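Overview (structure and organization)
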Amino acid sequence: MPVLPRRVATLSVHTSPLEQPGAGDAGGMNVYVVEVSRRLAARGIAVDVFTRATSSEQPPVVEMAPGVTVRHVSAGPFEGLGKNELPAQMCAFTAAVLREEAQHDPGHFDVVHSHYWLSGQVGWLARDRWGVPLVHSAHTLAKVKNAALAEGDDPEPRARVIGEEQVVAEADRLVANTAEEARQLVDFYDADPRRTLVIPPGVDLQRFRPGDRQRARQRVGVPADAVVLLFVGRIQPLKAPDMLLQAAARMLADDPSLRARLQVLVVGAPSGSGLAEPQRLQELAVSLGVTDVVRFIPPQAPEQLADHYRAADVAVVPSHNESFGLVALEAQACGTPVVAAAVGGLCTAVDDGVSGLLVAGRDPEGYASAIRRVLARRELLAAGARRHAAAFSWDRTTDSLVGAYAAAMAELRDTRPAIRPAERFRSAVGLRAR
Ligand code: UDP
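To start, this report covers the structure provided alongside it. Please read these numbers as outputs of a predicted model, since none were measured by experiment. (Residues numbered from 1 in each chain as written. Predicted model: local features only at pLDDT ≥ 70, side-chain atom pairs only at ≥ 80, totals over all residues. Heavy atoms only, no water.)

**A few points about the site of the ligand**
Taken together, the neighbourhood of the ligand is formed by 18 residues, with Gly28, Lys239, Gln300, Leu326 and Glu330 sitting nearest. Lys239 has a polar side-chain atom sitting 2.6 Å from an oxygen atom of the ligand. The protein chains hide 91% of the 540 Å² of surface that the ligand would expose on its own. Ranked by residues supplied to the shell around the ligand, first place goes to helix 11 (residues 326-333) with three residues. Of the residues that constitute the shell around the ligand, the class distribution is eight nonpolar, six polar and four charged. Both domains that furnish three or more residues to the shell around the ligand are identified here as domain 1 (7-202 + 393-415) and domain 2 (213-391). (Near = heavy atom within 4 Å. Polar contact = N/O pair within 3.5 Å; in protein donor to acceptor, adjacent residues only side chain to side chain. Areas by Shrake-Rupley, 256 points an atom, 1.4 Å probe, with all protein chains shown as cover. Helix = DSSP H or I, 4+ residues; strand = E, 2+ residues; numbered from the N terminus. Nonpolar A, V, L, I, M, F, W, Y, C, P; charged D, E, K, R; others polar. Domains from an automatic or database assignment.)

**What about helix 5 (residues 158-170)?**
The periodicity of an α-helix, 3.6 residues per turn, causes residues three or four places apart in sequence to face the same way. Between its first and last C-alpha, helix 5 extends 19 Å over 13 residues, near the 18 Å set by a 1.5 Å rise per residue. All of the buried residues along helix 5 are Arg160, Val161, Gly163, Glu164, Val167 and Val168. Buried residues in helix 5, looked at end-on, bunch into an arc of 165°, giving them a common side. Residues of helix 5 that are exposed and point over 90 degrees away from its buried face: Arg158 and Ala169. Considering only its buried residues, helix 5 is in contact with helix 3 (116-130), strand 6 (134-137), helix 4 (142-147), strand 7 (173-176) and helix 6 (179-189). (Expected span 1.5 Å × (residues − 1). Buried < 20%, exposed > 50% of the residue type's maximum accessible area, 1.4 Å probe, protein only. Arc of directions from axis to C-beta. Contact = heavy atoms within 4.5 Å.)

**Description of the pattern of salt bridges**
A side chain with one charge may pair with a side chain of the opposite charge, provided their charged atoms come close. Following the criterion strictly, the structure yields 34 salt bridges and no others. With a closest N to O distance of 2.9 Å, Lys145 and Glu156 form a salt bridge. Placement of Lys145 in helix 4 and of Glu156 in the loop between helix 4 and helix 5 is noted, with a sequence separation of eleven residues between them. Glu156 carries the same exposure label as Lys145, and that label is buried. The shortest N-O distance in the salt bridge between Arg219 and Asp307 comes to 2.7 Å. Of this pair, Arg219 sits in helix 7 (residues 213-220) while Asp307 sits in helix 10 (residues 302-311), and the two are 88 residues apart along the sequence. According to the relative accessible area criterion, Arg219 is exposed, its value standing at 52%. Connected via shared salt-bridge partners are Glu35, Arg39, Arg43, Arg207, Glu303, Asp395 and Asp399. (Salt bridge = Lys/Arg side-chain N within 4 Å of Asp/Glu carboxyl O.)

So this is what it looks like as structure tokens:
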């Protein structure tokens with residue numbers, strides 16, 4: 001029987017699982033941490049999530065769910081720090097994590113699971129200090145992102161590339177969302193393939209489920225006979241909501257009678273380098289002559305978001321790159337087919353021709369044509385979408401992660417001396433063990 005962890009230190013430095021996804025730095029990674037942490041706790045594995053405090057109003061400790069504790073760590077000013085300024089705060093963050101653990105008996109945490117490279121840097125030190133394995137999820141990779149930059153998007157800095165390389169070299173296990181991400185870790189970052197695991201994320205099928213489309217349309221405020229195209233996500237160049245506006249303009253040019261029924265819903269708020277993006281999108285809508293059919297909607301909580309998915313005829317995910325693309329999966333779970341870019345994790349998240357269509361290249365006509373084709377056989381694709389989404393589940397993600405934690409713990413027991421690195425150092429310099 002493998003020895004399972006009893007307590008996991010989950011590191012999510014730059015964004016809190018308590019934040020509303022769909023704006024700023026909060027997106028799929030936050031959803032991932034919430035869903036997995038809850039399920040680990042339900043299996044009797046306690047989780048402490050360490051995240052940087054971003055407001056004086058946040059209590060230092062919040063019980064997110066039974067067995068899941070969110071710890072807001074003071075590291076730098078609460079507000080006004082961009083993600084690219086955070087590397088300078090990693091020492092303060094790490095010190096706080098180590099101090100929290102030092103208040104308990106040795107062996108308090110069995111595993112460190114870091115999310116995104118900044119957390120990986122913290123986890124690297126914690127792993128060495130505590131003598132436990134480091135499991136790392138990159139979520140996005142700088143080299144991959146820089147290879148497919150959107151116009152107007154800033155390249156990821158060299159410091160991140162170096163930092164990611166270090167974390168990849170140090171981690172006991174790397175968790176990739178898809179086989180492609182695993183290959184990128186090996187090819188671009190020289191990851192050890194034996195320590196690189198593919199564990200797909202999931203979707204909450206209770207929350208994101210098909211429902212009465214007309215009732216959903218009433219709640220969302222679109223007419224029963226509308227043709228509804230939906231974009232959901234952070235408004236930034238990488239996600240390319242402008243592609244949907246351009247595709248809609250093509251569809252209207254081809255079929256002016258559609259104007260009376262077409263509704264383009266753009267759900268989300270700006271993020272990172274996309275702060276000027278809403279303004280740019282509004283201007284684009286004006287220049288394309290589509291303002292009357294486009295509605296911008298602020299980020300939605302999951303229940304309301306599910307109604308938007310159900311209300312839509314097609315969800316469109318035209319990103320330049322995605323390590324996975326939870327939005328595509330959630331839309332399909334609600335019975336809505338997806339038109340997505342044939343890039344990264346979207347090639348796994350969408351079953352091309354079965355649950356939607358993948359579009360190669362970045363031609364608005366390609367998107368317009370794919371949307372038309374999906375509309376023409378929506379019922380068939382909707383059934384395929386529900387089936388495809390049902391193959392993913394957070395319970396399965398969690399089971400696989402528990403297996404990865406246990407394997408990494410066993411490997412460490414077998415291959416490393418019983419004395420933890422810090423104690424080795426202490427005894428070497430003649431200090432008393434803690
Ligand atoms: N999301 C949300 N409300 C919104 C917009 C997005 O809760 O208004 C959530 C959405 O349900 C999804 C996540 O944000 O789970 C976005 O994840 P995805 O993988 O699509 O993109 P990421 O933000 O990670 O780049």
